[in-house]
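Each chain, written out:
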Amino acid sequence: MAKARISFHGAAGEVTGSRHLLETDRGRVLLDCGMFQGHRNDADAKNRTFRFPPASVDAVLLSHAHVDHCGLLPLLYKNGCGAPLYATPSTAEISAIMMADSARLQEGDAKFYNKLHAAERLTIEPLYGEDDARLAESRFRHCAYGQPFEPVPGVSAAFLNAGHVLGSSMAQLDLETPGGRRRLVYTGDLGREETLLLETPQPPKNADYLVIESTYGDRLHEPLADASGKLAGLIARAWKEGGRIIIPSFALERTQEIVLIIDKLRHERLIPDIPVYVDSPMAVSLTEIFNKHRDGLCFNHKFREYARHDGDPFGFAYIRYLRSKEESQSLNNRRGPMIVISASGMCEGGRILHHLRNNLEKETTTVLLAGYQAQGTLGRRLQDGEKKVRIFGMEHEVLARVDTMHSFSSHADRNDLVAFVKAANPARGTFLVHGDPDARAALAGALAAGGVKNVRCPAMGEAFDLD
Ligand SMILES: [Zn+2]
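About the cut-offs
Here the residue numbering is sequential within each chain, running from 1 through the sequence in written order. Predicted model: local features are reported for residues with pLDDT of at least 70 only, side-chain atom pairs are reported and counted for 80 or more only, and whole-chain, interface and lining totals are derived from all residues. Each helix corresponds to a stretch of at least 4 residues labelled H or I by DSSP, and each strand to a stretch of at least 2 residues labelled E; elements are numbered beginning at the N terminus. Whether a residue is buried, exposed or partly exposed follows from its count of other C-beta atoms within 10 Å of its own C-beta, namely 20 or more, 12 or fewer, or something in between, respectively; the C-beta atoms are built from the backbone. Angles run from 0 to 180 degrees between N-to-C directions of axes, and those axes are lines fitted to C-alpha atoms, restricted for helices to the stretch in contact. Angles below 35 degrees are treated as roughly parallel, those above 145 as roughly antiparallel, those between 65 and 115 as roughly perpendicular, and all remaining angles as oblique. The hand of a helix crossing depends on one turn: near helix anticlockwise from the far one by less than a right angle means left-handed, and clockwise means right-handed. Two residues form a contact once the distance between their C-beta atoms, set from the backbone, is within 7 Å. Classification used: nonpolar for Ala, Val, Leu, Ile, Met, Phe, Trp, Tyr, Cys and Pro, charged for Asp, Glu, Lys and Arg, polar for all others including Gly. To define a nonpolar core, we join buried Ala, Val, Leu, Ile, Met, Phe, Trp, Tyr and Cys residues through C-beta atoms within 7 Å and take the resulting set. Either an automatic procedure or a domain database provided the assignment from which the domain bounds are taken. Strand pairing requires that DSSP identify at least two bridges connecting the strands. How far a helix is expected to stretch is found by multiplying one less than its residue total by 1.5 Å.

Our focus in this paragraph is unusual backbone geometry. Of note, the amide linkage connecting Ala343 to Ser344 takes the cis form, showing an omega dihedral of 5°. Looking at the secondary structure, you find Ser344 in the loop between β14 (338–342) and α11 (352–359). Its identity is not glycine, yet Asp32 carries a phi of approximately 65°, on the positive side. Note that Asp32 resides in the loop between β3 (27–31) and α1 (40–48). Its identity is not glycine, yet Phe392 carries a phi of approximately 50°, on the positive side. When the 8 C-beta atoms within 10 Å are taken as the criterion, Phe392 is described as exposed.

Encoded structure:
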């Protein structure tokens, strides 16, 4: 009799490191291969070893291009996996940039650490290098939304739009179990009901099993409309005072959303012609991919209409996209009001650190945080109102105003998640992954209160037979 089971090897009781393994008699399908993110030693131990032999995997399905979903693919292939890697075309394109960047960061990080600790003979090794990232990239097989494919014999699969970031998908898999043919849907990360750019997540039909994220299982987001009013107010003040608005931003999705809001405010003549600089080579490359795919079905109708009408939704007379270091440094000598959008989003590295270092001690500066700030990051310290922070070993007094836009999120909130599960109506079981214990427990409670049965919160390494 056909056997089938699913096991959870990451993002089980935590947010990062998504890796789930679906096994049938005829093959093993890995759903995502994400990196654990956290403090160096803890994360390194979790990332370095796989809980299954990489060579035993027959197919990999990638939901989207965030590093906590794709960031360990280069290590998987470096360690002997030979499987094809299925993803939507935009996910493949964006992941290639993300994996190469992750390799470069690790190589740079190791070089710096090893030099610093040379006297103590302490060394660290990067998990993988740029060659391994290229190896993973060479395994991609593009599958558009809705296009059927067979990752292993006897399993038919298709990607559905997940509405989370450009190219993001859910995996719908039909497979044989002892009880008959069943449908399992893995959501990856799930978008919100309403976003600026993307189409609403596509609810699956006739699901028997659902594996769903629970990042914001305990929270409700503010409405998106609040963001433009707030930004317009801050721009008016910066214009009057000749100050800078510095926005630490994730290069994928958040940067493009903020640029689009500014573009719209300009069209509606609600803001003056304030210069805008997008200072992040990765954001520049990703925005090019957004432009290339802007007629794609991933985007919502409203955005596609706007883009057709506007012609250049991420460009206008006063915006400059900066790639080179020299262009970035030249911003220090410019006077007058401006907006600088730069990475990383939690101020953990990248060019944003230079902008903060040079401008935190000015009262006319506004630091506008536009996303989740994890514990222990510089972004979080600023958000918590710390008056002195260290950057590159130097202490800086914070005279700048620090503000947060809470309405940005690429994740479904509790109400969105509950509505999604009810619409999918998985008859045989719902597995909650990708959430801290509190968020996950809150979502499990909300689902139970809503009459959803068979909700499970798998532990790390736990396996379940599917029937
Ligand atoms: Zn994500």
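The N-to-C vectors of helix α4 (residues 89–116) and helix α5 (residues 130–138) enclose an angle of 160°; their axes lie 8 Å apart at closest approach. Comparing their axes, α5 and α4 come out roughly antiparallel. Relative to α5, the crossing made by α4 is right-handed. Contacts from Ala96, Met99, Ala100, Ala103 and Arg104 in α4 reach Glu130, Asp132, Ala133, Ala136 and Glu137 in α5. Classifying every residue of the contact of α4 with α5 gives six nonpolar, no polar and four charged.

So, on to the nonpolar core. Val60, Leu61, Leu73, Leu85 and Ile247 are the most contacted members of the largest nonpolar core, which totals 127 residues. Counting contributing residues, this core receives three or more from each of domain 1 (4–219 + 410–465) and domain 2 (225–404). Leu61 has contacts with Val29, Leu31, Tyr86, Pro151, Ala157 and Ala171, leaving out every residue within four places of it along the chain.

Now for the packing of α4 against helix α8 (residues 281–292). The geometry of α4 relative to α8 is characterised by a closest axis approach of 11 Å and an angle of 170° between their N-to-C directions. Considered as vectors, α4 and α8 are oriented roughly antiparallel to each other. Facing α4, whose interface residues are Ser90, Glu93, Ile94, Ile97 and Asp101, α8 presents Met282, Ser285, Leu286 and Ile289. Its residues assigned to classes, the contact of α4 with α8 shows five nonpolar, two polar and two charged.

For the rest of this paragraph, the subject is the sheet that holds strand β6 (residues 140–142). With mixed pairing, seven strands are arranged side by side in an open sheet as β6-β5-β4-β3-β2-β1-β21. Across the chains shown, the open sheet's two edge strands, defined by having one partner strand only, are β6 and β21 (463–465). In this sheet, neighbouring strand axes are inclined to one another by 25° on average, regardless of whether the strands run parallel or antiparallel. Here β3 runs beside strand β4 (residues 59–61); their pairing, made up of three bridges, is parallel. Across the sheet, residue Leu30 finds its bridge partner in β4, namely Val60.

One can read the domain layout of the protein as domain 1 (4–219 + 410–465) and domain 2 (225–404). Computed over C-alpha atoms, the centres of domain 1 and domain 2 are 29 Å apart. Facing 16 residues of domain 1, the contacting portion of domain 2 comprises 16 residues. For the side of domain 1 that touches domain 2, the element with the highest residue contribution is α4, accounting for five residues. A class-by-class count of the residues in the side of domain 1 that touches domain 2 yields nine nonpolar, four polar and three charged.

Within the element layout of this structure, Pro272 appears in the loop between α7 (254–267) and β12 (276–279). Given 14 C-beta atoms within 10 Å, Pro272 falls into the partly exposed group. Remark: the alpha-carbon pair of Pro272 and Ala232, spanning 40 residues in sequence, is separated by 9.4 Å.

Along strand β1 (residues 4–8), the buried face is formed by Ala4, Ile6 and Phe8; none of Arg5 and Ser7, which line the opposite face, is buried. Bridging between β1 and strand β2 (residues 20–24) involves five bridges; their strand directions are antiparallel. Bridging across to β2, Ser7 finds its partner in Leu21. With three bridges joining them, β1 and β21 adopt antiparallel strand pairing. For Arg5, the partnering residue across the bridge sits in β21 and is Asp465.

Attention shifts here to the environment of Lys205. As for its placement among the helices and strands, Lys205 is situated in the loop between β9 (180–186) and β10 (209–213). Taking the C-alpha atoms as reference points, Lys205 and Ala424, separated by 219 residues in sequence, lie 6.1 Å from one another.

A rise of 1.5 Å per residue sets the reference length of α7, with its 14 residues, at 20 Å; its end C-alpha atoms lie 20 Å apart and thus fit the reference within 8%. Those residues of α7 that fall on the buried side of the exposure criterion are Arg254, Thr255, Gln256, Glu257, Ile258, Val259, Leu260, Ile261 and Ile262. Turning to α7, the residues buried within the fold contact α6 (225–241), β11 (244–248), β12, α8, β13 (319–322) and β14. Directly after α7, the chain includes Arg269, whose backbone phi takes a positive value near 55°.

Once that is clear, we can look at the pairing of strand β16 (residues 388–391). The side chains of a regular strand alternate, residue by residue, between the two faces of the sheet. The pairing of β16 with strand β17 (residues 394–397) spans four bridges and is classified as antiparallel. Note that in β17 the partner of Ile391 across the bridge is Met394. A loop of two residues connects β16 with β17, the two strands running antiparallel in sequence, and Phe392 in this loop sits at a positive phi of about 50°.

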